[in-house]
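One-letter residues, chain by chain:
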Amino acid sequence: MRRLGRVTEDLPEQMQVRRDKRERLLAAQQDVYPVKLPLTASLAEVRDRHEGLEPGEITDDVVTVAGRVIFIRNTGKLCFVKLQEGSGVSLQAMLSLDRVGEERLADWKADVDIGDHVWVTGAVGASRRGELSVFADAWGMASKALRPLPIAHKDMNEESRVRRRYLDLIVRPEARDMARQRVAVMRSLRNSLDSRGYLEVETPVLQTLHGGAAARPFVTHINAYDIDLYLRIAPELYLKRCVVGGLERVYDLNRNFRNEGADSSHSPEFAMLEFYQAYADYRDMAELTRTLIQQAAVDVFGGTTVTHADGSVHDLGGDWPWVSVYPALSEALGHGIDPQTPRQALLDLADEADLGIDPAWTEGRIVEELLEHHVVAHFTGPTFVCDYPVDNAPLVRDHRYEPGVVEKWDLYIGGVELATGYSELVDPVIQRERLLAQAKLADRGDDEAMHLDEDFLEALEHGMPPTGGVGMGIDRLLMTLTGRGIRETILFPLVKPDRGASERGELQ
RNA sequence: GGGCCUCUAGCUCAAUUGGUAGAGCUGCGGACUUUUAAUCCGUAGGUUGCGGGUUCGAGUCCCGCGGGGCCUACCA
């Protein structure tokens, strides 16, 4: 809510001072927000061109550069300013009485604040202390800032960093790095897939049915048709339509929306890569997934050994071990179990481990719970867990040898489930049965279960080639590579509005 | 959903058993032609998240609401 009447009166002094300066400059016919500046170089270019100047040396390279003022030091007849540009590169400029004259030096001291964008024209040289600098002959305002920057040598608290990411980006190099690393990881994934003949496609965000995962959707409404729509929870069913249609290697690097809890590893809006390849099985897809992740680590961090924010070192290189659900669980329990183990035996095991079991859960769900507790919790390096019970994987084909399990793996790195891969179920009859069972669950009020997608089933009935598929969380991949929380890997994670502040008019 | 913690100046943080809300940086005025968390002198800045209550007196104690964090539960 804007409360215009209160804006100027209650303003903290520092903001009022800056507004006054703006007014004064405008009144003096000075352009405080010029539309275009005659820049001749970026700060980075100046740095590249003039490495290693001797202290006191001044070149005849005259440049016009601009940047945000991030540091300022005014003395009687000589002013220092550190300018920063978008890349994070900074460069010092020096304004001396000799070069800019008495009037413009006085103007500089009176008009410029930390946070403003300014331009300077002058020769490139090095200060007596040896710092590369522009010795300004002229300067001007490029954009007047009306609010102060947070102080540079103390981090803002986490909430402020998220709510005002632009300040975080100005002040904290790690924030800029993350923004670039995220893009670099996605570019690496695209390059890896493109070079293997994959086609990047876009699947719809607005869907009349939500499918491809078990998650509660966001609901919206289309006025033109007067029906409710769901925001995508997974692109899977559309990518499979692509495979049926002959686009045999497809991926969608997409945004999904799940109306569930938000915590340090879950964001309601999150990025995911799904890719499907005809004539591949889940083992092929696991190999490809490992390659994609390792290549991303190499492309972005220079190697498969990555260092986290806390200084810990993690080796993602080489082959990654496989662990099969039932054998691994049997070993951990010291008690043989398999898909035929009766429900009561599973419940007893869950009781022993003090796991809270919902009576509605299927046997497979209970097995997965036991698995998390007894096996997954002890992983150290990257690990593929494979051959899951059929119950919770309606879109996966049965294992080719082992009865009661499906050809599915989950990839765990650093305790986080990073990706999942399948040999996709392509038998349209079995697929229909599985989805029908899910739909019945939905009728019983389980709104995470899928509704029957007849269009998808009809597509399958036209014949889908044997196919492998993978879904991988991009935010989680960034977390795995950097050791940062999910809210740091996303530039603008969802935050609740700060109602108190807006009611007081502080957000203007 | 449950539990615990937290919200104080533009920013980062103090404030003893309930007793005049402080500091650093930033800002403002001044000195300084080599600063870079400059230094020196002077100075300003607050509805302590919001609303109630207890009390002679509340940043502090109690209740409600809002934001955030952690744990837990839920979770393809």
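Predicted model, so just to flag it, every value in this text is computed and none were measured.

Visitor: What is the right way to read the overall build of chain A from this model?
Guide: Helices and strands together make up the secondary structure of chain A, namely 16 helices and 18 strands. The C-alpha radius of gyration computed for chain A amounts to 29 Å, which surpasses the reference 23 Å derived for 508 residues by more than 25%, pointing to a less compact arrangement than a globule. Dimensions of chain A, computed from the C-alpha atoms along their principal axes, are close to 90 × 55 × 50 Å. Expressed as a percentage of its 508 residues, the buried residues of chain A come to 47%. Intrachain contacts of chain A at a sequence separation of at least 6 include 64% that bridge at least 24 residues. With 58 positive and 83 negative side-chain charges, chain A shows a separation of 9 Å between the mean positions of the two kinds.

Visitor: Looking at this model, I keep getting lost on the packing of aromatic side chains. Mind explaining?
Guide: To describe a pair of aromatic rings, you give the distance between the ring centres and the angle between the ring planes. Taken as a whole, this structure holds eight aromatic pairs when the rule is applied. A centroid spacing of 5.0 Å and a plane angle of 90° characterise the contact between tryptophan 108 and tryptophan 139, whose relative ring orientation is edge-to-face. Taken together, the positions of tryptophan 108 in helix α3 (residues 97-111) and tryptophan 139 in strand β5 (residues 132-143) put the pair 31 residues apart, joining distant regions of the chain. An aromatic cluster of three or more residues is present, and its members are Tyr282, Trp320, Trp322, Phe384 and Trp409. One residue, arginine 241, lies across the ring of tyrosine 238, its end atom 4.4 Å from the ring centre.

Visitor: Hey, could you run me through the sheet that holds strand β14 (residues 322-324) in this one?
Guide: Backbone-to-backbone hydrogen bonds pair the strands of a sheet. The strands run either parallel or antiparallel. With mixed pairing, eight strands are arranged side by side in an open sheet as β6-β10-β11-β18-β17-β16-β15-β14. A single partner strand is all that each edge strand has here, and the edge strands are β6 (199-200) and β14. Pairing geometry for strand β10 (residues 249-257) and strand β11 (residues 269-278), over nine bridges, is antiparallel. Paired with arginine 255 across the strands is alanine 271, a residue of β11. Lying on the sheet, helix α6 (residues 173-194) is in contact with β6, β10, β11 and β18 (467-473); it crosses β10 at an angle near 155°.

Visitor: In this structure, what is going on with the pattern of salt bridges? I would like to understand it.
Guide: A side chain with one charge may pair with a side chain of the opposite charge, provided their charged atoms come close. Evaluated as defined, the whole model comprises 34 salt bridges. Here glutamate 424 ties to lysine 240 by a salt bridge, and the two come within 2.6 Å at their closest N and O atoms. Here glutamate 424, found in the loop between β17 (416-423) and α12 (428-443), pairs with lysine 240, found in helix α7 (residues 236-244); they are 184 residues apart in sequence, far enough to count as distant. Classification of glutamate 424 by relative accessible area gives buried; the value is 2%. By sharing partners, the salt bridges in this structure join Arg161, Arg165, Asp168, Arg172, Arg484 and Glu488 into a single network.

Visitor: Looking at this structure, how should I read the side chain of arginine 290?
Guide: Within the fold, arginine 290 resides in helix α8 (residues 282-301). For arginine 290, a relative accessible area of 10% gives the class buried. Within the local environment of arginine 290, its side chain forms a polar contact with the backbone oxygen of glycine 318, the two atoms lying 3.0 Å apart. For arginine 290, the side chain forms a polar contact with the side chain of aspartate 319, separated by 3.0 Å. Apart from the residues lying within four places of it in its own chain, the contact partners of arginine 290 are Gly318, Asp319, Trp320 and Phe384.

Visitor: Even after reading the chapter, I still don't get the packing of α7 against helix α13 (residues 454-461), so can you show me in this structure?
Guide: At a minimum axis separation of 9 Å, α7 and α13 run at an interaxial angle of 25°. Considering the angle they form, α7 stands roughly parallel to α13. As α7 packs across α13, the resulting crossing turns out to be left-handed. Residue-level contacts link Leu237, Lys240, Arg241 and Val244 of α7 to Asp455, Phe456, Ala459 and Leu460 of α13. Residue classes in the contact of α7 with α13 are distributed as five nonpolar, no polar and three charged.

Visitor: Hey, could you run me through a negative patch on the surface in this one?
Guide: Taken together, Asp348, Asp351, Glu352 and Asp354 make up a surface patch of like negative charges. By the secondary structure assignment, aspartate 348 is in helix α10 (residues 343-352). Under the relative-accessibility criterion, aspartate 348 is labelled partly exposed at 37%.

Visitor: I tried to follow the sheet that holds strand β8 (residues 219-222) on my own but got confused; where do I start?
Guide: Spatially, the three strands line up as an open sheet ordered β7-β9-β8, and their pairing is antiparallel. Among the strands making up the open sheet, the edge pair consists of β7 (206-207) and β8. With four bridges connecting them, β8 and strand β9 (residues 227-231) associate as antiparallel partners. What sits directly across from isoleucine 222, in β9, is isoleucine 227.

What counts and how
Residue indices follow the written sequence of each chain, beginning from 1 at its first position. Chain A is the first chain written and ligand 1 is the first ligand written, with later ones labelled in order. pLDDT decides what is reported in this predicted model: residues at 70 or higher carry local features, side-chain atom pairs at 80 or more are listed and counted, and totals for whole chains, interfaces and linings draw on all residues regardless. In computing side-chain values, all of the structure's heavy atoms are included and hydrogens and water are not. Working definition: helices are DSSP H or I runs of at least four residues, strands are E runs of at least two. Numbering for both runs from the N terminus. A radius of gyration in this sense is built from C-alpha atoms; the matching globule rule multiplies 2.2 Å by the number of residues raised to 0.38. Partly exposed describes any residue whose relative accessible area lies between the buried limit of under 20% and the exposed limit of over 50%, with all areas from a 1.4 Å probe on protein chains only and scaled to the type maximum. Whether two residues touch is decided by their heavy atoms; if any such pair falls within 4.5 Å, the residues are in contact. Here Asp and Glu are counted as negative and Lys and Arg as positive; His is not counted, and neither are the chain ends. Just so you know, the charge point we use is NZ for Lys, CZ for Arg, CG for Asp and CD for Glu. Between rings of Phe, Tyr and Trp, where Trp is taken as its six-membered ring, a pair exists when centres lie within 6.5 Å; planes separated by under 30 degrees are stacked, by over 60 edge-to-face, and by other angles tilted. To sit over a ring, a charge needs its Lys NZ or Arg CZ within 6 Å of the ring centre and within 35 degrees of the ring normal. The pairing criterion is simple: DSSP has to find at least two bridges between the two strands. An axis is simply a line fitted to the C-alpha atoms; with a helix, the fit covers only the stretch in contact. Between two such axes, the angle follows the N-to-C directions and lies from 0 to 180 degrees. A side-chain nitrogen of Lys or Arg and a carboxyl oxygen of Asp or Glu constitute a salt bridge if their distance falls within 4 Å. Under this definition, polar contacts are N or O atom pairs within 3.5 Å; protein pairs additionally need one hydrogen-donor-capable and one acceptor-capable atom, and for neighbouring residues in sequence, both atoms have to be side-chain atoms. To sort the angles, those under 35 degrees are grouped as roughly parallel, those over 145 as roughly antiparallel, those from 65 to 115 as roughly perpendicular, and the leftovers as oblique. Helix crossings are classified by the rotation of the near helix relative to the far one: an anticlockwise turn of less than a right angle makes the crossing left-handed, while a clockwise turn makes it right-handed. Amino acid classes used here: Ala, Val, Leu, Ile, Met, Phe, Trp, Tyr, Cys and Pro are nonpolar; Asp, Glu, Lys and Arg are charged; the rest, including Gly, are polar. By definition, no residue in a patch forms a salt bridge, and every one has over 30% relative accessible area; like charges are joined within 9 Å, nonpolar side chains (Val, Leu, Ile, Met, Phe, Trp, Tyr) within 5 Å. Reported accessibility uses the Shrake-Rupley method at a 1.4 Å probe radius. Residues are deemed covered only where the shown protein chains occlude them.

So far we have only geometry, and geometry alone does not tell us how the molecule works.
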